[in-house]
There are 2 protein chains.
Amino acid sequence: MTGRDLSLRRFSGYAMKRAFNQVQADLNATLAPHGLRLVTFSALCLIDENKGLKQSELAQILGVERPNMVLIVDELDSADLIVRDRSTEDRRAYELRLTEQGEKVLAAASAAAQGHDARMTAGITDDVRETLVTALWRIEANGRQRD
Amino acid sequence: MTGRDLSLRRFSGYAMKRAFNQVQADLNATLAPHGLRLVTFSALCLIDENKGLKQSELAQILGVERPNMVLIVDELDSADLIVRDRSTEDRRAYELRLTEQGEKVLAAASAAAQGHDARMTAGITDDVRETLVTALWRIEANGRQRD
DNA sequence: TATTGTTATACTCTATAACTATA
DNA sequence: TATAGTTATAGAGTATAACAATA
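Quick summary incoming for the structure in this document. (Residues numbered from 1 in each chain as written. Chains lettered and ligands numbered in written order. Predicted model: local features only at pLDDT ≥ 70, side-chain atom pairs only at ≥ 80, totals over all residues. Heavy atoms only, no water.)

**Thoughts on the sheet that holds strand β1 (residues 53–54) of chain B**
Residue and element names in this part refer to chain B. Convention followed: In this scheme, strands are said to pair when DSSP sees at least two bridges between them. In this text, helices come from DSSP runs of H or I with a minimum length of four residues, and strands from runs of E with a minimum of two, each type numbered from the N-terminal end.
Read from one edge of the open sheet, three strands run β1-β3-β2, paired in antiparallel fashion. Every interior strand has two partners, whereas the edge strands, β1 and β2 (82–86), have only one. Here β1 pairs with strand β3 (residues 94–98) via two bridges, running antiparallel. Its bridge partner being in β3, lysine 54 is matched across the sheet by glutamate 95.

Printed below as a string of structure tokens:
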């Protein structure tokens, strides 16, 4: 552990895996008291920002397969955080909306998630933190380009 | 997809998840022709840098549970990339070493992985790339501190 | 009694095929 | 015929308990 993996540490992919393992563990622990995990929290954010979002649109944005999205939306639905409204334009589709309870939970969970983010990026300047997030989205875009 | 998840994008954890999804897919595709995946490649690097590394030490460094490490080492062993030598000091333990074939495969896979890394970080300056990797390891250390 | 490697097992995540109802 | 949501299912990846050999 003490400088053992010197050359591996220079690989950005390995650094990302190890860092993300920690972030995921801490974030899920942070969200658990709110009955959420990373993917359900993300879904809640997106539905809040895009009223009437369809399940399949949500799946595409989150990069989740439709069959798996069903379970995620079920989870939020069962917890009364969102409702599935039948679309009047396309009666095959559901439009997703937050309930009042969903808005309350999202507000509380967002505050907790911001605390988590600050904790994980402790000792990193706002400047570097911004550079980090920008670089990560650039990497994500580079990857998506080759699909 | 077009600016839909504005506030979520500011969360470093979400950015890391999305970026790492792309990196993992590209890296595994890059390593597959060499018969490796991220975890077996990492193991191979570590064994190369630390001759005689024990299985349990490797598991601890990689953050993998011992029972799962068995399968990973089995995979490298079956492919004749490493050997398990019984330790003379502690006959419960194995000392892991690369075979000649393992050294060849590691050299080829390392070159491929460096190409992958360059591809994924295209458009990012060396300066920012270094900042990124340093910040990721800082985040990893912040997470480990609270275990 | 503790530790290394192992087996068996279970739980989560993810991915694919096929169905239904609508379009 | 194509699409939205669903079901069933199979494959990874990961985690825990318990065992044999050795310390």
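Anyway, onward from the coordinates.
**Looking at helix α5 (residues 100–120) of chain A**
Rule in force here: One less than the number of residues in a helix, times 1.5 Å, gives the span that helix is expected to have. We call a residue buried when its accessible area falls under 20% of the maximum for its residue type, exposed when it is over 50%, and partly exposed in between, using a 1.4 Å probe and counting protein chains only. An arc is given here, and it is the one of the directions from the helix axis to the C-beta atoms. We call two residues in contact when some of their heavy atoms are within 4.5 Å.
Here α5 of chain A contains 21 residues, and its C-alpha end-to-end distance of 30 Å stays within 8% of the 30 Å for a straight helix at 1.5 Å per residue. Residues of α5 of chain A that are buried: Gly102, Val105, Leu106, Ala109, Ala112, Ala113, His116, Asp117 and Met120 of chain A. The buried residues of α5 of chain A all sit within an arc of 145° when viewed along its axis, so they share a single face. Projecting away from the buried face of α5 of chain A at angles above 90 degrees are the exposed residues Glu100, Lys104 and Gln114 of chain A. On the buried face of α5 of chain A, the contacting elements are α1 (12–31), α2 (38–49), β3 (94–98) and α6 (126–145) of chain A together with α1 (12–31) and α6 (126–145) of chain B.

**Re the pattern of salt bridges**
Worth spelling out the cut-off: Whenever Lys or Arg places a side-chain nitrogen within 4 Å of a carboxyl oxygen from Asp or Glu, that contact is recorded as a salt bridge.
Summed over the entire model, instances satisfying the criterion amount to 22 salt bridges over all chains. Aspartate 74 of chain A serves as the salt-bridge partner of arginine 84 of chain A, at 2.1 Å between the closest nitrogen and oxygen. Residue arginine 84 of chain A is located in strand β2 (residues 82–86), and its partner aspartate 74 of chain A is located in helix α4 (residues 66–78); the two are separated by ten residues in the primary sequence. Judged by its relative accessible area of 29%, aspartate 74 of chain A is partly exposed. A cluster of three or more residues bridged by salt bridges with shared partners is formed by Arg18 of chain A together with Glu140 and Arg144 of chain B.

**A look at the protein's contact with DNA strand D**
Defined as follows: Summary of the distance rule: residues count as near a molecule or strand when at least one heavy atom falls within 4 Å of that molecule or strand. Under the rule applied, a polar contact is a pair of N or O atoms within 3.5 Å (in protein, one hydrogen donor and one hydrogen acceptor; residues adjacent in sequence only if both atoms are side-chain atoms). Polar here means any residue other than Ala, Val, Leu, Ile, Met, Phe, Trp, Tyr, Cys and Pro, which are nonpolar, and Asp, Glu, Lys and Arg, which are charged; Gly is therefore polar.
Taken together, the neighbourhood of DNA strand D is formed by 17 residues, with Gln55, Ser56 and Arg92 of chain A together with Arg37 and Arg91 of chain B sitting nearest. If you look at DNA strand D and keep only atoms within 4 Å of the protein, 57% of those are sugar or phosphate atoms. One nitrogen or oxygen atom from the side chain of glutamine 55 of chain A is found 2.8 Å from a phosphate oxygen belonging to DNA strand D. Arginine 92 of chain B places a side-chain nitrogen or oxygen 3.5 Å from a base oxygen of DNA strand D. Of all the elements in the fold, those that place two or more residues in the surface near DNA strand D are α3 (55–62) and α4 of chain A together with α4 (66–78) of chain B. If one sorts the elements of the surface near DNA strand D by residue count, α4 of chain A sits on top with three residues. Of the residues assigned to the surface near DNA strand D, the class counts are five nonpolar, three polar and nine charged.

**A look at helix α3 (residues 55–62) of chain B**
Turning to α3 of chain B, its buried residues number three or more, namely Gln55, Leu58, Ala59, Ile61 and Leu62 of chain B. Taken end-on, α3 of chain B shows its buried residues confined to a sector of 165°, consistent with a single buried face. If you follow the buried residues of α3 of chain B, they end up packed against α1 of chain A together with α2 (38–49), β1, α4, β2 and β3 of chain B.

**What to know about the nonpolar core**
Heads up, the rule is: Nonpolar core, defined: a set of buried Ala, Val, Leu, Ile, Met, Phe, Trp, Tyr and Cys residues in which side-chain atoms within 4.5 Å join the residues together.
In this structure, Leu36, Phe41 and Leu58 of chain A together with Leu36, Phe41 and Leu58 of chain B are the most contacted members of the largest nonpolar core, which totals 90 residues. Ignoring anything within four residues of it in the chain, the contact list for leucine 58 of chain B reads Ala43, Leu46, Ile47, Leu53, Met69, Val73 and Leu96 of chain B.

**A look at the environment of alanine 79 of chain A**
All names here are of chain A. By the element assignment, alanine 79 lies in the loop between α4 and β2. Its relative accessible area of 41% is what places alanine 79 among the partly exposed residues. The spatial distance from the C-alpha of alanine 79 to the C-alpha of leucine 36 is 9.9 Å, given a sequence separation of 43 residues.

**What to know about the protein's contact with DNA strand C**
Close contacts around DNA strand C come from 17 residues, with Asn68 and Arg91 of chain A together with Ser56, Arg84 and Arg92 of chain B the closest. In the model, a phosphate oxygen of DNA strand C is placed 2.7 Å from a nitrogen or oxygen of the serine 56 of chain B main chain. For DNA strand C, a phosphate oxygen lies 3.0 Å from a polar atom in the backbone of tyrosine 94 of chain B. Here the surface near DNA strand C gets three residues from one element, more than from any other, and that element is α4 of chain B. Classifying every residue of the surface near DNA strand C gives five nonpolar, three polar and nine charged.

**Some points on unusual backbone geometry**
Trans peptide bonds make up the majority, and among non-glycine residues the majority have a negative phi. Its identity is not glycine, yet aspartate 80 of chain A carries a phi of approximately 60°, on the positive side. Within the secondary structure, aspartate 80 of chain A sits in the loop between α4 and β2.

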